[in-house]
Amino acid sequence: MRIHHLNCGCMCPVGGKLFDGFSSGLTAHLVCHCLLIETERHGLVLVDTGFGSCDVLEPRKRLSSFFIAFNNIKFERRLTALEQVRELGFSQQDVQHILLTHLDFDHAGGLEDFPNAQVHVLQREMDAARTTRSFLGHRRYRHQQWDEVRNWQFYEPGGGTWFGFQAVRELRGLPPEILLIPLTGHTHGHAGVALQTGNGWLLHAGDAYFYREEVGRTERHCTPGLRFYQRMMEVDRTARLANQHRLWTLSLEHKNEVTLFCSHDAKELERMQAGPL
């Protein structure tokens, strides 16, 4: 597999380095870290989609005004997964599969840009998205982004283990090197995506953590802004913290076997883009 690390969205909340840990100005720089995977027999596979073409064209019809303002979202067509797929020399029809860490507005916005793709997600995530009644729930899950998707593939947790985590193996139509790893807490059906490469495993942890210093070091640290955002968005605090602790342990005990990264840390994205694809 050849793996491309893409940024499919830009969010610049007020707070600067209190959010991202490095910006010197008033606003921070957060990304939407997605993957484009070239496979030999299964076409192109996307992991998350960031913001889509329709989000860029009509953001206030598609997204919550609350999150547009709170996250200070910058809508740019060039950052959509569709434009980046084309820039790499492929077409939208080449994208055969999309794996979602979850259905939040900044992860699922580009689904309808790839109408031929099968969309893989945990069943519990779709159930939560369809039944939510909370203030944040109505604003984080935007049915407009995915109500035209017809090729859903839903999964239940189980099917094996992966470094002590539950794993959903045998994803329909996908190679065995790609797994879903349930990581609930941020949402009820949140999952990571694990990829076995020639250089070990990659784990796209989605929003199971938000800041690079929450994993990979003995002293964990998170910026105040992202600590607040994680708490604001969590649906199960106990599960979120437990899974985050397990990821931290994984990052230390298996650092030579597994490389972790999350969805919104710009420095992690830079590091992955600089490494071998």
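Only a predicted model underlies this, so the values are computations on that prediction, with no experimental measurement involved.

Some points on the side chain of His204
Move 1: Mapped onto the elements of the fold, His204 is located in strand S12 (residues 200-204).
Move 2: A relative accessible area of 0% places His204 in the buried class.
Move 3: A polar side-chain atom of His204 sits 2.7 Å from the main-chain carbonyl oxygen of His33.
Move 4: Leave out the neighbours within four places in its chain, and His204 touches His33, Cys34, Leu35, Val47, Asp48, Thr101, Gly192, Val193, Phe261, Cys262 and Ser263.

Looking at the environment of Asp20
Move 1: Residue position: Asp20 is located in helix H1 (residues 17-20).
Move 2: Under the relative-accessibility criterion, Asp20 is labelled buried at 2%.
Move 3: C-alpha of Asp20 to C-alpha of Ile73: the two residues are 53 residues apart in sequence and 15 Å apart in space.
Move 4: Discounting residues that sit within four places of it in the chain, Asp20 has contacts with Ala28, His29, Leu30, Tyr211, Arg212 and Thr223.
Move 5: There is a polar contact of 2.8 Å between the side chain of Asp20 and the backbone nitrogen of Phe22.

Side note on the pairing of strand S5 (residues 95-99)
Move 1: Most of S5 is tucked away: four of the five residues are buried.
Move 2: As judged from the four bridges shared by strand S3 (residues 44-47) and S5, these two strands associate in the parallel manner. Following the sheet pairing, Leu44 is matched in S5 by Val95.
Move 3: Pairing geometry for S5 and strand S6 (residues 118-122), over three bridges, is parallel. Counterpart to Ile98 in the pairing with S6 is Val119.

Things to note about the sheet that holds S6
Move 1: If you walk across this open sheet you meet the seven strands as S4-S1-S2-S3-S5-S6-S7, and the pairing is mixed. Each end of this open sheet is capped by a strand with a single partner; those strands are strand S4 (73-74) and strand S7 (152-155).
Move 2: Taken together, the four bridges between strand S2 (residues 30-38) and S3 define a ladder with antiparallel strand orientation. Pairing of Ile37 across the sheet is with Val45, part of S3.
Move 3: Relative to strand S1 (residues 2-11), helix H10 (residues 266-274) is tilted by about 155 degrees, and along the sheet it contacts S1 and S2.

Digging into the pattern of salt bridges
Proximity of charged atoms lets side chains of opposite charge pair with each other.
Move 1: Evaluation of the coordinates by the stated rule reveals 13 salt bridges.
Move 2: Across the pair Arg2 and Glu38 runs a salt bridge whose closest N-O atoms are separated by 3.7 Å. Taken together, the residues span a long stretch of sequence, with Arg2 in strand S1 and Glu38 in strand S2 at a distance of 36 residues.
Move 3: Overall, the relative accessible area of 41% leaves Arg2 in the partly exposed class.
Move 4: In this structure, the salt-bridge partner of Glu76 is Arg78, at a minimum N-O distance of 2.7 Å.
Move 5: The network of salt bridges with common partners includes Asp55, Arg62 and Glu112.

Quick word on the state of the cysteines
Move 1: Applying the stated criterion to the full structure yields zero disulfides.
Move 2: In this structure Cys262 is a free cysteine whose sulfur lies 9.3 Å from that of Cys222, the closest cysteine sulfur available.
Move 3: A relative accessible area of 0% means that Cys262 is categorised as buried.

Some points on the packing of aromatic side chains
Move 1: Here the structure, examined in full by the defined rule, presents 14 aromatic pairs.
Move 2: Geometrically, the ring pair formed by Trp152 and Phe154 is stacked, given 5.6 Å between the ring centres and 15 degrees between the ring planes.
Move 3: Taking relative accessible area as the criterion, Trp152 reaches 15% and is therefore assigned buried.
Move 4: Accessibility expressed as a relative area gives 22% for Phe154, which makes it partly exposed.
Move 5: Ring plane angle 65 degrees and centroid distance 5.8 Å describe the contact between Phe210 and Tyr229, whose orientation is recorded as edge-to-face. Separated by 19 residues along the polypeptide, Phe210 in the loop between S12 and helix H8 (224-233) and Tyr229 in helix H8 bring together distant segments of the chain. For the pair formed by Phe210 and Tyr229, the shared burial category is buried.
Move 6: The ring of Phe135 has Arg139 lying over it, and the distance from NZ or CZ to the ring centre is 3.8 Å.
Move 7: Directly above the ring of Phe165 sits Arg246, whose terminal nitrogen or CZ lies 4.0 Å from the centroid.

Parameters at a glance
Residues numbered from 1 in each chain as written. Predicted model: local features only at pLDDT ≥ 70, side-chain atom pairs only at ≥ 80, totals over all residues. Heavy atoms only, no water. Helix = DSSP H or I, 4+ residues; strand = E, 2+ residues; numbered from the N terminus. Buried < 20%, exposed > 50% of the residue type's maximum accessible area, 1.4 Å probe, protein only. Polar contact = N/O pair within 3.5 Å; in protein donor to acceptor, adjacent residues only side chain to side chain. Contact = heavy atoms within 4.5 Å. Pairing = 2+ DSSP bridges. Axes fitted to C-alpha atoms, helices over the stretch in contact; angles between N-to-C directions. Salt bridge = Lys/Arg side-chain N within 4 Å of Asp/Glu carboxyl O. Disulfide = S-S within 2.5 Å. Phe/Tyr/Trp six-rings, centres within 6.5 Å; stacked < 30°, edge-to-face > 60°. Lys NZ or Arg CZ within 6 Å of the ring centre and 35° of its normal.

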